[in-house]
Amino acid sequence: MKLAEKVSELVERKRNLFTEASDKVWGFAEIRYEEFRSAELLAELLEQQGFEVEREAAGIATAFVASYGSGKPVIALLGEYDALAGLSQQAGLDGFEPVVPGGSGHGCGHNLLGTGALAAAVAVKDYMAETGASGTVRFYGCPAEESGAGKTFMARSGLFDDVDAAVTWHPGTSHGVMQVTSLATTTVRFRFLGKSTHAAAEPHLGRSALDAVELMSVGVNYMREHMIDQARIHYAVLNTGGSAPNVVQSEAEVLYSIRAPKSPQVRELFERVKDVARGAALMSGTRMEFVVTGATSDLIPNPALEKVMHRHMDEISPPVPIAEEIDYAKRIFASIPEPDKQSAAGRLSRERAEALRENPLLPVLSPLIEGSVPMSASTDVGDISWLVPTVQCSTATWAFATPGHSWQVVSQGCSSHAHKAMLYAGKAMAATAIEALLDPKLREAARRDLELQLAGEPYVCPIPDDVYPPQPENPAARQKAEAVTAH
Ligand SMILES: [Zn+2]
């Protein structure tokens, strides 16, 4: 029996376990670093499946590592489960209708992502148990992918140091291996401290922190002409220093995001932005402090692993939607604004775009390409990919042209087709992971590919050593504590 076939059988055997877990995580819809119930559900499920679980990995309450087997090689499956604020939406609809107005929702499909990777880990473990294959399979429960850089903190703590290959995926609108690079990014909070005075009576004694924020803006605007085209610098003023114009603002804060295709480029731009902030402080007579709040490295693709994953995706073949799934996908497609549809179609051939308008869940596998496509987004998978040969696939869990971080993503998150596409990804990941586990030549080729692309550049964690992830309180722990005190 072919590996793809064997793995498909293993995943299908436990299909309900996986789809139910994904739907539950969808319902929890917990945002970054607050994924207490989602992480616990997946950790318990893995324990029941024979994994040993280390909770609070890297000192993060909602991170965990589940292992099966022992010794080398070590193959990792990466799973996420965080939702997005403000994206509450009912399942199965074709119009915007929140479950809780202003509540959170799985607008990036991480309920599917975490559970699909878990399905792969369980299938690898079942395969190892049946065949006696040696080595270790690990599921990494990674919190806070959305603006939280969970994996970057996990990478910094050394959790990936002995891993030979990492496999993951992301839900999407087409079936294929993700041959992409992403932007490295650093997010920094700049705070200026001045002196408050009566703006009319004693302006000469005041030093305005808001002036410093404005001057920093001017400085960065001048900088933009003298940086590489692909770099981006965004900002948001967090604190203007108050709403009274007759009081000199003694304190003001601005958040900057610096992005570029490569981590060393972000490091260089960050130094220049810091100089601009220092200049703004000097000009305004204020004091400047800054703190890095998050950062991720760029994604390093791995052609050796991509080839293997594509072969398995081809052998397993994409799930074929039934009539009512196509009908729902068409209704979702109709709800998508025209510019979004045109933007999605613009990346495809005319024939493919037309076929997708007819069937927005077209069961076609995208061909493997030479090289990779730059993606104008950032992901914390990037940090893992600097340390470990990493490969990802995507499957069409959602209708063609569904925009990311939208209510349409949330609405489709529990559909029968999303389940099928999640399990397709699970099977492809499991087969790729098993091949990496069994074949030392593949592991060597993957390591060589990584070294070739890094060209001697060492991994520098973009988050400083003294910055830690936020630690929100676990509501279940609090309830327990209250119950104990009540007795
Ligand atoms: Zn995502």
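## What about the overall build of the protein chain?
Here is step 1 of the chain: Scanning the protein chain from N- to C-terminus turns up 16 helices and 13 strands.
Here is step 2 of the chain: A compact globule built from 487 residues should have a C-alpha radius of gyration of about 23 Å, and the protein chain, at 24 Å, falls within 12% of that.
Here is step 3 of the chain: If one aligns the C-alpha atoms of the protein chain with their principal axes, the spans along those axes are about 85 × 60 × 50 Å.
Here is step 4 of the chain: Split into buried and exposed, the 487 residues of the protein chain put 51% on the buried side.
Here is step 5 of the chain: Long-range pairs, those at least 24 residues apart, make up 82% of the contacts in the protein chain between residues at least 6 apart in sequence.

## Observations regarding the sheet that holds strand S8 (residues 184–193)
Here is step 1 of the chain: Ordered in space as S9-S10-S8-S11, the four strands form an open sheet in which the pairing is antiparallel. Pairing within the sheet leaves two strands with one partner each, and these edge strands are strand S9 (232–239) and strand S11 (287–296). Mean inter-strand twist for the sheet, computed between neighbouring axes without regard to direction, equals 20°.
Here is step 2 of the chain: Packed on one face of the sheet, helix H6 (residues 209–224) meets S8, S9 and strand S10 (251–260) and runs near 20° to S10.

## Remarks on the sheet that holds strand S5 (residues 165–172)
Through backbone hydrogen bonds, the strands of a sheet pair up, either in parallel or in antiparallel fashion.
Here is step 1 of the chain: Sheet architecture is open: seven strands sit in the order S1-S2-S4-S3-S5-S13-S6, paired in mixed fashion. Strands at the two margins of the open sheet, each flanked by one partner only, are strand S1 (52–55) and strand S6 (176–177).
Here is step 2 of the chain: Relative to strand S4 (residues 135–142), strand S3 (residues 74–80) runs parallel, the two sharing seven bridges. Across the sheet, Ile75 pairs through a bridge with Val137, a residue of S4.
Here is step 3 of the chain: Sitting on the sheet, helix H8 (residues 303–316) is in contact with S5, S6 and strand S13 (390–396), with an inclination near 30° to S13.

## Some details on the nonpolar core
Here is step 1 of the chain: Judged by nonpolar contacts, the single largest core of 115 residues is most densely connected at Ala120, Val124, Met429 and Ala433.
Here is step 2 of the chain: The element that contributes the greatest number of residues to this core is helix H14 (residues 416–438), accounting for 14 residues.
Here is step 3 of the chain: With 25 residues, the next largest nonpolar core counts Ala212, Leu215, Ala252 and Ala260 among its residues.

## Focus on the packing of H6 against helix H7 (residues 263–284)
Here is step 1 of the chain: Axis separation between H6 and H7 bottoms out at 8 Å; the angle between their running directions is 140°. With respect to their mutual orientation, H6 and H7 come out oblique. Between H6 and H7 the crossing geometry is right-handed. Contact residues: Asp211, Ala212, Leu215, Met216, Gly219, Val220 and Met223 in H6; Arg272, Val273, Val276, Ala277, Gly279, Ala280, Ala281, Met283 and Ser284 in H7.

## So, the pairing of S3
Here is step 1 of the chain: Burial analysis of S3 places seven of its seven residues in the buried class, which makes it a mostly covered element.
Here is step 2 of the chain: Residues Val74, Ala76, Leu78 and Glu80 of S3 are buried on one face, and the alternating residues Ile75, Leu77 and Gly79, pointing to the opposite face, are buried as well.
Here is step 3 of the chain: With helix H4 (residues 110–131) bridging S3 and the parallel S4, this β-α-β connection has right-handed handedness.
Here is step 4 of the chain: Pairing between S3 and S5: three bridges, direction parallel. Looking at S5, one finds that Leu77 is bridged to Val167.

## Digging into H4
Here is step 1 of the chain: A rise of 1.5 Å per residue sets the reference length of H4, with its 22 residues, at 32 Å; its end C-alpha atoms lie 31 Å apart and thus fit the reference within 8%.
Here is step 2 of the chain: Most of H4 sits inside the fold, with 19 of its 22 residues counted as buried.
Here is step 3 of the chain: Following H4 by one or two positions, Gly132 has its phi on the positive side, about 75°.

## Looking at the environment of Ala184
Here is step 1 of the chain: Residue placement: Ala184 occurs in strand S8.
Here is step 2 of the chain: Separated by 78 residues in the primary sequence, Ala184 and Lys262 place their C-alpha atoms 5.7 Å from one another.
Here is step 3 of the chain: Residues within four places of Ala184 in sequence aside, it is in contact with Arg259, Ala260, Lys262, Ser263, Val266, Thr296, Ser297, Asp298, Ser378, Gly382 and Pro462.

## Brief notes about the domain arrangement of the protein chain
Here is step 1 of the chain: Per the domain assignment, the segments of the protein chain are domain 1 (3–182 + 298–454) and domain 2 (184–296).
Here is step 2 of the chain: Centre-to-centre, using C-alpha coordinates, domain 1 lies 37 Å away from domain 2.
Here is step 3 of the chain: In this complex, domain 1 contributes 12 residues to the contact, which on the side of domain 2 involves nine residues.

## Description of the packing of H8 against helix H15 (residues 440–454)
Here is step 1 of the chain: Where H8 meets H15, the axes come as close as 7 Å, and the angle between the chain directions of the two elements is 130°. By the angle class used here, H8 and H15 are oblique. For the pair formed by H8 and H15, the contact residues are Pro303, Ala304, Leu305 and Val308 on the first element and Leu442, Ala445, Ala446 and Asp449 on the second.

## What about unusual backbone geometry?
Note on backbone geometry: most residues besides glycine have negative phi, and most peptide bonds are trans.
Here is step 1 of the chain: Backbone torsion omega between Lys72 and Pro73 reads -10°, so that peptide bond is classified as cis.
Here is step 2 of the chain: Structurally, the position occupied by Pro73 is in the loop between strand S2 (64–70) and S3.
Here is step 3 of the chain: One non-glycine residue, Tyr33, lies in positive phi territory at about 65°.
Here is step 4 of the chain: Phi at Ala401 takes a positive value of approximately 75°, unusual for a residue other than glycine.
Here is step 5 of the chain: With respect to the element layout, Ala401 can be found in the loop between S13 and helix H13 (407–411).
Here is step 6 of the chain: A count of 22 C-beta atoms within 10 Å places Ala401 in the buried class.

## A closer look at the environment of Phe400
Here is step 1 of the chain: Its place among the elements puts Phe400 in the loop between S13 and H13.
Here is step 2 of the chain: Spatially, the C-alpha atoms of Phe400 and Gly172 are 8.6 Å apart, while their sequence positions differ by 228 residues.
Here is step 3 of the chain: Beyond its immediate sequence surroundings of up to four residues, Phe400 is in contact with Thr173, Phe333, Ala344, Leu356 and Pro360.

Rules used throughout
- Residues numbered from 1 in each chain as written.
- Predicted model: local features only at pLDDT ≥ 70, side-chain atom pairs only at ≥ 80, totals over all residues.
- Helix = DSSP H or I, 4+ residues; strand = E, 2+ residues; numbered from the N terminus.
- Rg over C-alpha atoms; globule rule 2.2 N^0.38 Å.
- Buried ≥ 20, exposed ≤ 12 C-beta atoms within 10 Å, placed from the backbone.
- Contact = placed C-beta atoms within 7 Å.
- Pairing = 2+ DSSP bridges.
- Axes fitted to C-alpha atoms, helices over the stretch in contact; angles between N-to-C directions.
- Core = buried A, V, L, I, M, F, W, Y, C linked by C-beta atoms within 7 Å.
- Parallel < 35°, antiparallel > 145°, perpendicular 65-115°, else oblique.
- Left-handed = near helix turned anticlockwise from the far one by under 90°.
- Right-handed = clockwise from strand over helix to strand, strands pointing away.
- Expected span 1.5 Å × (residues − 1).
- Domains from an automatic or database assignment.

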